Amino acid sequence: MPAVLEDYQKNFLELAIECQALRFGDFTLKSGRQSPYFFNLGLFNTGKLLSNLATAYAIAIIQSDLKFDVIFGPAYKGIPLASIVCVKLAEIGGSKFQDVQYAFNRKEAKDHGEGGNIVGASLEDKRILIIDDVMTAGTAINEAFEVIGNAGGKVVGTIIALDRQEVVNLEDKDKLSATAAVSKKYNIPVLHIVNLSHVISYLETRMGADEKNKIEEYLQVYGA
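An unreviewed UniProt entry lists the protein chain under the name orotate phosphoribosyltransferase, with Maudiozyma exigua given as the organism. In UniProt, the protein chain has this text filed under Sequence similarities (unreviewed entry): "Belongs to the purine/pyrimidine phosphoribosyltransferase family. PyrE subfamily." According to the UniProt record, the Function (unreviewed entry) comment for the protein chain reads "Catalyzes the transfer of a ribosyl phosphate group from 5-phosphoribose 1-diphosphate to orotate, leading to the formation of orotidine monophosphate (OMP)."

Our next topic: the pattern of salt bridges. All told, the structure shown has ten salt bridges when counted by the stated rule. Note that Glu-166 and Arg-33 form a salt bridge whose closest N and O atoms lie 2.7 Å from each other. Here Glu-166, found in the loop between strand S7 (154-163) and helix H5 (178-186), pairs with Arg-33, found in the loop between strand S1 (22-28) and strand S2 (34-39); they are 133 residues apart in sequence, far enough to count as distant. Look at Glu-166 and you get buried, because its relative accessible area is 10%. Asp-133 is the salt-bridge partner of Lys-77, the closest N and O atoms lying 3.2 Å from each other. Of this pair, Lys-77 sits in the loop between strand S3 (70-73) and helix H3 (78-92) while Asp-133 sits in the loop between strand S6 (127-131) and helix H4 (139-150); the two residues are 56 residues apart in sequence, bridging distant segments of the chain. Judged by its relative accessible area of 8%, Asp-133 is buried.

What follows deals with unusual backbone geometry. In this chain, Ala-75 is followed by Tyr-76 through a cis amide linkage whose omega measures 5°. Relative to the elements of secondary structure, Tyr-76 occurs in the loop between S3 and H3. One non-glycine residue, Gln-20, lies in positive phi territory at about 65°. Inspection of the secondary structure assignment puts Gln-20 in the loop between helix H1 (7-18) and S1. Of the residues examined, Gln-20 reaches a relative accessible area of 48% and is grouped as partly exposed.

This brings us to the packing of H1 against helix H2 (residues 47-64). Where H1 contacts H2, the axes come no closer than 10 Å and their chain directions differ by 150°. Comparing their axes, H2 and H1 come out roughly antiparallel. In this structure, H1 meets H2 at a crossing whose hand is left-handed. Two secondary-structure elements touch here, H1 through Tyr-8, Asn-11, Phe-12, Leu-15 and Glu-18 and H2 through Lys-48, Leu-49, Asn-52, Leu-53, Ala-56, Ile-59, Ala-60 and Gln-63. Looking at the contact of H1 with H2 residue by residue, the classes come out as eight nonpolar, three polar and two charged.

Soluble globular proteins tend to pack their nonpolar side chains together in the buried interior. Grouped together as the largest cluster of nonpolar side chains are 47 residues, with contacts concentrated most on Phe-12, Leu-41, Phe-44, Tyr-57, Phe-68, Ile-71 and Ile-193. With eight residues, H2 is the largest single contributor of residues to this core. Ignoring sequence-local partners within four residues, the contact set of Ile-193 consists of Tyr-8, Gln-9, Phe-12, Leu-53, Ala-56, Tyr-57, Ile-160 and Ala-161. Counting residues in each nonpolar core, the second largest holds 19 residues, with Ile-141, Val-147, Val-155 and Val-190 among its members.

Another point: H1. Over its twelve residues, H1 runs 16 Å from end to end, which matches the ideal 16 Å to within 8%, given 1.5 Å per residue. Among the residues of H1, Tyr-8, Gln-9, Phe-12, Leu-13, Leu-15 and Ala-16 are the ones counted as buried. An end-on view of H1 places all buried positions within 165° of arc, on one side of the element. Facing away from the buried side of H1 by over 90 degrees, the exposed positions are Asp-7 and Glu-18.

Rules used in this analysis
Residues numbered from 1 in each chain as written. Predicted model: local features only at pLDDT ≥ 70, side-chain atom pairs only at ≥ 80, totals over all residues. Heavy atoms only, no water. UniProt positions renumbered as here; feature names shortened; annotations may be inferred. Salt bridge = Lys/Arg side-chain N within 4 Å of Asp/Glu carboxyl O. Helix = DSSP H or I, 4+ residues; strand = E, 2+ residues; numbered from the N terminus. Buried < 20%, exposed > 50% of the residue type's maximum accessible area, 1.4 Å probe, protein only. Axes fitted to C-alpha atoms, helices over the stretch in contact; angles between N-to-C directions. Parallel < 35°, antiparallel > 145°, perpendicular 65-115°, else oblique. Left-handed = near helix turned anticlockwise from the far one by under 90°. Contact = heavy atoms within 4.5 Å. Nonpolar A, V, L, I, M, F, W, Y, C, P; charged D, E, K, R; others polar. Core = buried A, V, L, I, M, F, W, Y, C linked by side-chain atoms within 4.5 Å. Expected span 1.5 Å × (residues − 1). Arc of directions from axis to C-beta.

Structure below.
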């Protein structure tokens, strides 16, 4: 059954394709897999695109009804995401999001001034939502958990732009995707703006069958 897209998800995918953050073709991924699509959130790189991207993240967060105090953006891609989504939540989320804070980490701890490797809000005794672009092997999220734990925070969820719905390790008997593995390991929800099922549904109505069929074939091999 095709995934149903909400308006904010359609808008996100339209802009992602328009700015080539989401491209179709033949791409070699870091894992060595040959993928029929490639996603690079860094190409949301204008004021208009960033505003729309922040809106999509914010709506997904609001609809989740997740309770948190701080949005944490892992260096480096998570840094602008944490800040723009914090602003957008204050704009459209109502009174309960007015005091949401944001923070991010430095790759190297600062040894002067206030020191440390956390910039922005204190994480101590706070409920933390991690924000990032995608989740592949889960390495970055594991590092973020360590940073947040060392700073005294508690992770209550994470949100990404695109869930690839892809098995991390084909030898894994459970055939878990990266997002499902993280959710199981840490007992937290992993939210997303869209997943690959949404992309397939979008392609079915907007761009013809070729790209859709290639992604479905890819999922037959690597899908969770």
